Amino acid sequence: MAIRKEDVRAIIFDLDRTLIKSSLGFDKALSKAANFLTQYFKRQGHSISGAKIYGTLRSIAKSFESQGLYDRDEWWIILLRKLGLSHLSGKWVHEVTMLYWRTYIAASPPYPDAENTLRTLRKRGYRLALVTDTDGTPGMKRKRVKALAFYDLFETVVVAGEDTPKIKPSKMPFTFVAKRLRLSPKKCVYVGDNPKVDVKGAKAVGMQTILVKRHGLKADRPTLVINSLSQLLRIFKGLDG
Ligand SMILES: [Mg+2]
């Protein structure tokens, strides 16, 4: 099926792995947290290898991500439980979360074509918005979004799980963004990298969907698949064309 581009007034984006290269940030942030925890446990008299801690954290992160649970504090608490160190649990675990996010932000640059694509689409008259899930630490996602060089281009930003009770692929954040834009979802196209979370939810409210192929996941039938953001410029040439 082809995109009905003549219907499109707004182009709504996902953030992580769509506009910013956050898989790198995730790896670095997890290593940093693992190093911190290894040193901390050592100081408390528990010698556990960094590799074991990193490996355990990765599996915790993976299972949490598949369940849509994003609160990093929980990751470290579960790690403590798995290592039999629950007695060490305390308020300090939140410090690890903040260290994680600082590292994540510093190591998650925008894709090279993100800013130019967004600026050009805006110049061509398309309205732009962002729908992204909460980071689990309230306010953190909005802080990350505000730090983007192209933040000013978004007419509205919906942080699902904070602005709406449910996260993607619930219909809620997609219905909410269309309402904020005062547009029918039919006039919106949603661009994301995750076939399950992004394509499914947006499609369910009647938006057209474009999947940016960042990894080898099979798509839940988006309207279109692209390999890079700049391909959007070949599709959306202006509101009258
Ligand atoms: Mg994403």
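**Observations regarding the overall build of the chain**
Secondary structure assignment for the chain yields 9 helices and 6 strands. For the chain, whose C-alpha radius of gyration is 19 Å, the value lies close to the compact-globule estimate of 18 Å for 241 residues. With the C-alpha coordinates aligned to their principal axes, the bounding extent of the chain is approximately 70 × 30 × 30 Å. Classification of the 241 residues of the chain by burial places 50% in the buried group.

**Quick notes on the pairing of strand 3 (residues 156–160)**
Taken across its 5 residues, strand 3 has 5 buried, putting it largely inside the fold. Summarising the sheet, strand 2 (residues 127–133) and strand 3 pair through 5 bridges and their orientation is parallel. Among the inter-strand pairings, alanine 129 is bridged to a residue of strand 3, identified as threonine 156. Handedness of the crossover joining strand 2 and strand 3 through helix 6 (residues 140–146) is recorded here as right-handed.

**Things to note about the packing of aromatic side chains**
For the structure on display, the rule yields 13 aromatic pairs. Ring centres of phenylalanine 36 and tyrosine 40 lie 6.4 Å apart, and the angle between their planes is 10 degrees; this geometry places the pair in the stacked category. Note that phenylalanine 36 and tyrosine 40 are positioned in helix 1 (residues 22–43) at a spacing of 4 residues, about one turn of the helix. Residue class for phenylalanine 36 comes out partly exposed when judged on its relative accessible area of 30%. Relative to phenylalanine 41, the ring of tyrosine 40 has its centre 6.3 Å away and its plane inclined at 65 degrees; by these criteria the two rings are edge-to-face. Judged by relative accessible area, which is 0%, phenylalanine 41 ranks as buried. Three or more aromatic residues joined by ring pairs form one cluster here, namely Phe26, Trp75, Trp76, Tyr100, Trp101 and Tyr104. Sitting above the plane of the tyrosine 111 ring, arginine 214 keeps its charged end 3.5 Å from the centroid.

**Remarks on the coordination of the magnesium ion**
Coordination of the magnesium ion by the protein involves Asp14 (OD), Asp16 (O) and Asp193 (OD), with metal-donor separations of 2.1 to 2.2 Å. The motif formed by the donor residues of the magnesium ion, counted along the single chain, is D-x1-D-x176-D. With aspartate 14 in the loop between strand 1 (10–13) and helix 1 and aspartate 193 in the loop between strand 4 (188–192) and helix 8 (195–204), this pair connects stretches of sequence that are 179 residues apart. Comparing aspartate 14 with aspartate 193 shows no difference in burial state: the two are buried.

**A few points about the packing of helix 3 (residues 72–82) against helix 4 (residues 93–106)**
It is at 8 Å that the axes of helix 3 and helix 4 come closest, and there the two elements cross at 125 degrees. Between helix 3 and helix 4, the angle falls in the class oblique. Between helix 3 and helix 4 lies a crossing of right-handed hand. Facing Arg72, Asp73, Trp75, Trp76, Ile77 and Leu80 of helix 3, the residues of helix 4 in contact are Val93, His94, Val96, Thr97, Tyr100 and Trp101.

**Here we look at the domain arrangement of the chain**
For the chain, the assigned domains read domain 1 (5–20 + 110–235) and domain 2 (24–106). Between the C-alpha centres of domain 1 and domain 2 the distance comes to 29 Å. Tallying the contact residues gives 10 residues for domain 1 and 11 residues for domain 2. Summed over both partners, the interface of domain 1 with domain 2 buries about 830 Å², with 65% contributed by carbon and sulfur atoms. When the buried area of domain 1 at its contact with domain 2 is split by residue, Thr137, Met140 and Arg144 rank highest and sum to 44% of it. One can count 0 salt bridges joining domain 1 with domain 2. Residues of the side of domain 1 that touches domain 2, tallied by class, amount to 2 nonpolar, 3 polar and 5 charged.

**As for the side chain of threonine 209**
Mapped onto the fold, threonine 209 is located in strand 5 (residues 208–212). We classify threonine 209 as buried; its relative accessible area is 1%. Residues contacting threonine 209, with those up to four places away along its chain left out, are Ile3, Val189, Tyr190, Val199, Ala202, Lys203, Arg221, Pro222, Thr223 and Leu224.

**As for the sheet that holds strand 4**
Spatial strand order, 3-2-1-4-5-6: 6 strands in an open sheet with parallel pairing. Every other strand in the sheet has two partners, leaving strand 3 and strand 6 (224–226) as the edge strands with one partner each. Neighbouring strand axes in the sheet, compared pairwise and without regard to direction, differ in orientation by 20 degrees on average. With 4 bridges joining them, strand 1 and strand 2 adopt parallel strand pairing. Each residue of the ladder has a partner; that of isoleucine 12, found in strand 2, is alanine 129. Across the sheet, helix 5 (residues 114–123) is in contact with strand 1 and strand 2; its angle to strand 2 comes to roughly 135 degrees.

Quick notes on the rules
Residues numbered from 1 in each chain as written. Predicted model: local features only at pLDDT ≥ 70, side-chain atom pairs only at ≥ 80, totals over all residues. Heavy atoms only, no water. Helix = DSSP H or I, 4+ residues; strand = E, 2+ residues; numbered from the N terminus. Rg over C-alpha atoms; globule rule 2.2 N^0.38 Å. Buried < 20%, exposed > 50% of the residue type's maximum accessible area, 1.4 Å probe, protein only. Pairing = 2+ DSSP bridges. Right-handed = clockwise from strand over helix to strand, strands pointing away. Phe/Tyr/Trp six-rings, centres within 6.5 Å; stacked < 30°, edge-to-face > 60°. Lys NZ or Arg CZ within 6 Å of the ring centre and 35° of its normal. Donors = N, O, S within 2.8 Å, 3.2 Å for Na, K, Ca; no water. Axes fitted to C-alpha atoms, helices over the stretch in contact; angles between N-to-C directions. Parallel < 35°, antiparallel > 145°, perpendicular 65-115°, else oblique. Left-handed = near helix turned anticlockwise from the far one by under 90°. Contact = heavy atoms within 4.5 Å. Domains from an automatic or database assignment. Buried area = accessible area lost by both parts, 1.4 Å probe. Salt bridge = Lys/Arg side-chain N within 4 Å of Asp/Glu carboxyl O. Nonpolar A, V, L, I, M, F, W, Y, C, P; charged D, E, K, R; others polar.

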